[in-house]
Amino acid sequence: MIDLRGKRALVTGGSRGIGAAIAEALAERGADVAFTYHRSVEKAAAVAKKIESRGRRAVAIQADSADPNAIAQAVEKAVSVLGGLDILVNSAAIGHAGTIADLDVEEYQALMDINVRAPVPAFGGRRSYHHDRFRPWRAGTLSRNYALRHV
């Protein structure tokens, strides 16, 4: 098991599913964890409580991953509260349950904004904190493969 004591992490989409499991696993291994959530206030509070029950700091940050400014602000808040960042995990994602023929332009744009563009402001859009307060120990993006059925 990797020892993450003293490390500070940010997990986008950390209030439920895979993101919540990652946030909790990071805390279990000793990291302080900030995470974003979109609408799930109750789920975010539950994840924060689990992180804190492990003796780690938890920071739940409301942010819409489709909004680059919101993600950049979430990174800034995490850096401010935790004193820097060592680990970034982009877990925020959405899917499309229908066929590609059912996919309209707005839904396609939302898929691209959250699944493709959102990591950019988190990983490199704001460089001001990189040199002194962000020492990337590990950074990664989860790839969620959604199969679109052919028509």
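1. Here we look at the pattern of salt bridges
Two side chains that carry opposite charge are able to pair once their charged atoms sit near each other.
No. 1: Scanning the model with the defined rule gives six salt bridges in all.
No. 2: With a shortest N-O distance of 2.5 Å, Asp 3 and Arg 5 are connected by a salt bridge.
No. 3: Under the relative-accessibility criterion, Arg 5 is labelled exposed at 62%.
No. 4: A salt bridge links Glu 28 to Arg 54; the shortest N-O distance between them is 3.8 Å.

2. Section: helix α1 (residues 17–28)
No. 1: Under the 1.5 Å per step criterion, the end-to-end length of α1 is 17 Å for twelve residues, consistent within 8% with the ideal 16 Å.
No. 2: Looking at α1, one finds that the buried residues are Gly 19, Ala 20, Ile 22, Ala 23, Glu 24, Leu 26 and Ala 27.
No. 3: Count one or two residues on from α1 and you reach Gly 30, which has phi positive near 110°.

3. Examining the nonpolar core
Across soluble globular proteins, nonpolar side chains have a tendency to be buried as a group.
No. 1: Counting residues in each nonpolar core, the largest one holds 19 residues, and the members touching the most others are Val 11, Leu 26, Val 33, Phe 35 and Ile 51.
No. 2: Not counting residues within four places of it along the chain, the set of residues in contact with Ile 51 comprises Ala 23, Ala 27, Val 33, Phe 35, Arg 56, Arg 57 and Ala 58.

Rules of the game
- Here the residue numbers are simple positions, counted from 1 along each chain's written sequence.
- Owing to the predicted nature of the model, reporting of local features is limited to residues with pLDDT of at least 70; listing and counting of side-chain atom pairs is limited to 80 or more, with chain, interface and lining totals taken over all residues.
- Only hydrogens and water are set aside; all other atoms, that is, all heavy atoms of the structure, feed into the side-chain values.
- In the sections that follow, a salt bridge refers to a side-chain nitrogen of Lys or Arg positioned within 4 Å of a carboxyl oxygen of Asp or Glu.
- Three labels apply to residues, based on accessible area from a 1.4 Å probe with only protein chains included: buried if under 20% of the type maximum, exposed if over 50%, partly exposed otherwise in between.
- The helix and strand labels rest on DSSP assignments: H or I over at least four residues marks a helix, E over at least two residues marks a strand, and numbering proceeds from the N terminus.
- What a helix should span is 1.5 Å times the count of its residues minus one.
- Here, the term nonpolar core denotes a set of buried Ala, Val, Leu, Ile, Met, Phe, Trp, Tyr and Cys residues that are joined through side-chain atoms within 4.5 Å.
- Contacts were defined at the residue level, with two residues in contact if any of their heavy atoms lie within 4.5 Å.

Geometric descriptors of this kind do not, in isolation, establish any biological role.
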